[in-house]
Amino acid sequence: DVKVTQSSRYLVKRTGEKVFLECVQDMDHENMFWYRQDPGLGLRLIYFSYDVKMKEKGDIPEGYSVSREKKERFSLILESASTNQTSMYLCASSFDIRVNTEAFFGQGTRLTVV
Amino acid sequence: QQQVKQSPQSLIVQKGGISIINCAYENTAFDYFPWYQQFPGKGPALLIAIRPDVSEKKEGRFTISFNKSAKQFSLHIMDSQPGDSATYFCAATLKNYGGSQGNLIFGKGTKLSVKP
């Protein structure tokens, strides 16, 4: 079974803290994604990467950065957490879209910034 | 032009009824239309998908209907069950492109509740 593992299910952080969300996939997928899920807004793409050390901005990159030093690991970084970043964060991975279009999601990290 | 519009935002259906969720898109180049199902506390998972060269695809109680001329597609859940209660996302993408052009464009989701 394909597995996308997010390091934490729940996190509570203080405003201004630097926050790291980690994601690991075990299927040698080329592509990895970070989404944010909020009620009524659906899944919004923050950043994605289709190769090691490659990254591209998604629809809402402000306040976030990412790191992909190894193929299996994609980290989302909140440089200075703010209360409006309280949300569910979902990591996903997929093969090259031309080969297989299915995206596999982790279970999500519910982040609360207080 | 990159949006996928999904409706309704929420849906309540009695057990045994038919659940229908609709999506519309603008980009005529989209060529792959998947539906994802998300249970509470879980990440979304691929449920069923369709290419525009067919008008309908059925897998068990789940059917996608596709209307290329209207740029619309819909998910029908026949004989809906309480276990189908979840959030459903439609999506669209350009299958033959790599990189960012191949990213999935998601609708905003429909929260389905099936009452016993």
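Read on for a plain summary of the structure. (Residues numbered from 1 in each chain as written. Chains lettered and ligands numbered in written order. Predicted model: local features only at pLDDT ≥ 70, side-chain atom pairs only at ≥ 80, totals over all residues. Heavy atoms only, no water.)

**Digging into the state of the cysteines**
Residues and elements named next belong to chain B.
Stage number 1. Per the stated rule, a full pass over the model turns up 2 disulfides over all chains.
Stage number 2. The side chain of C23 participates in a disulfide bridge whose partner is C90; the two sulfur atoms lie 1.9 Å from each other. The chirality of the disulfide connecting C23 with C90 is left-handed, given an S-S dihedral of about -95°. You can see C23 sitting in strand 3 (residues 19-25) and its partner C90 sitting in strand 9 (residues 86-92), a full 67 residues away along the chain. Across this residue pair, the class does not change: C23 and C90 are buried. (Disulfide = S-S within 2.5 Å. Helix = DSSP H or I, 4+ residues; strand = E, 2+ residues; numbered from the N terminus. Buried < 20%, exposed > 50% of the residue type's maximum accessible area, 1.4 Å probe, protein only.)

**Observations regarding the pattern of salt bridges**
Stage number 1. For the structure shown, the criterion picks out 10 salt bridges over all chains.
Stage number 2. In this structure, the salt-bridge partner of E26(B) is K71(B), at a minimum N-O distance of 3.8 Å. Of this pair, E26(B) sits in the loop between strand 3 and strand 4 (33-38) while K71(B) sits in the loop between strand 7 (62-67) and strand 8 (72-77), and the two are 45 residues apart along the sequence.
Stage number 3. The residue R61(B) makes a salt bridge to D84(B) at a minimum N-O spacing of 2.8 Å. Pair noted here: R61(B) is in the loop between strand 6 (56-59) and strand 7 and D84(B) is in the loop between strand 8 and strand 9, with a separation of 23 residues, a long-range link.
Stage number 4. Note on R61(B): relative accessible area 26%, which makes it partly exposed.
Stage number 5. Overlapping salt bridges, with partners in common, bring together D28(A), E30(A) and K71(A) in one network. (Salt bridge = Lys/Arg side-chain N within 4 Å of Asp/Glu carboxyl O.)

**Digging into the sheet that holds strand 1 (residues 4-7) of chain B**
Think of a sheet as strands paired side by side through backbone hydrogen bonds, with each pair either parallel or antiparallel.
All names here are of chain B.
Stage number 1. Taken together, the 5 strands give an open sheet; going across it, the order is 1-3-8-7-6, and neighbouring strands pair in antiparallel fashion. Two strands in the sheet have a free side with no partner beyond their single neighbour: strand 1 and strand 6. Put simply, the sheet's adjacent strands are angled 15° from each other on average, direction ignored.
Stage number 2. Here 4 bridges tie strand 6 to strand 7, and the two strands are oriented antiparallel to one another. Note that in strand 7 the partner of E56 across the bridge is S65. (Pairing = 2+ DSSP bridges. Axes fitted to C-alpha atoms, helices over the stretch in contact; angles between N-to-C directions.)

**A look at the layout of surface pockets**
Stage number 1. Roughly 570 Å³ of volume is contained in the largest pocket.
Stage number 2. Forming the walls of the largest pocket are 26 residues, and the residues nearest its centre are Q37(A), P39(A), Q38(B), T87(B) and K111(B).
Stage number 3. For the lining of the largest pocket, the residue count by class is 7 nonpolar, 14 polar and 5 charged.
Stage number 4. In this model, the second largest pocket occupies a volume close to 490 Å³.
Stage number 5. L43(A), D59(A), Q2(B), I105(B) and F106(B) are, among the 22 residues lining the second largest pocket, the residues nearest its centre.
Stage number 6. In terms of residue count, the dominant contributor to the lining of the second largest pocket is strand 5 (residues 42-49) of chain A (4 residues).
Stage number 7. Grouping the amino acids of the lining of the second largest pocket by side-chain chemistry returns 10 nonpolar, 8 polar and 4 charged. (1 Å grid on protein atoms, 1.4 Å probe; cavity = no way out; pocket = protein on both sides within 12 Å on 5 of 7 lines; lining within 4 Å. Points joined across faces, edges and corners; volume = space filled by probe spheres on them. Nonpolar A, V, L, I, M, F, W, Y, C, P; charged D, E, K, R; others polar.)

**Section: the sheet that holds strand 8 (residues 73-78) of chain A**
Residue and element names in this part refer to chain A.
Stage number 1. Taken in spatial order, the 4 strands line up as 1-3-8-7 in an open sheet, and their pairing is antiparallel. Edge strands, defined here as strands with exactly one partner in the open sheet, are strand 1 (4-6) and strand 7 (64-70). Each neighbouring strand pair of the sheet contributes to a mean axis angle of 20°, computed without reference to strand direction.
Stage number 2. Pairing analysis gives 6 bridges linking strand 3 (residues 19-25) to strand 8, with the strands arranged antiparallel. Bridged to V19 within strand 8 is L78.

It is worth stressing that arrangement in space is one thing and function is another; only the former is reported here.
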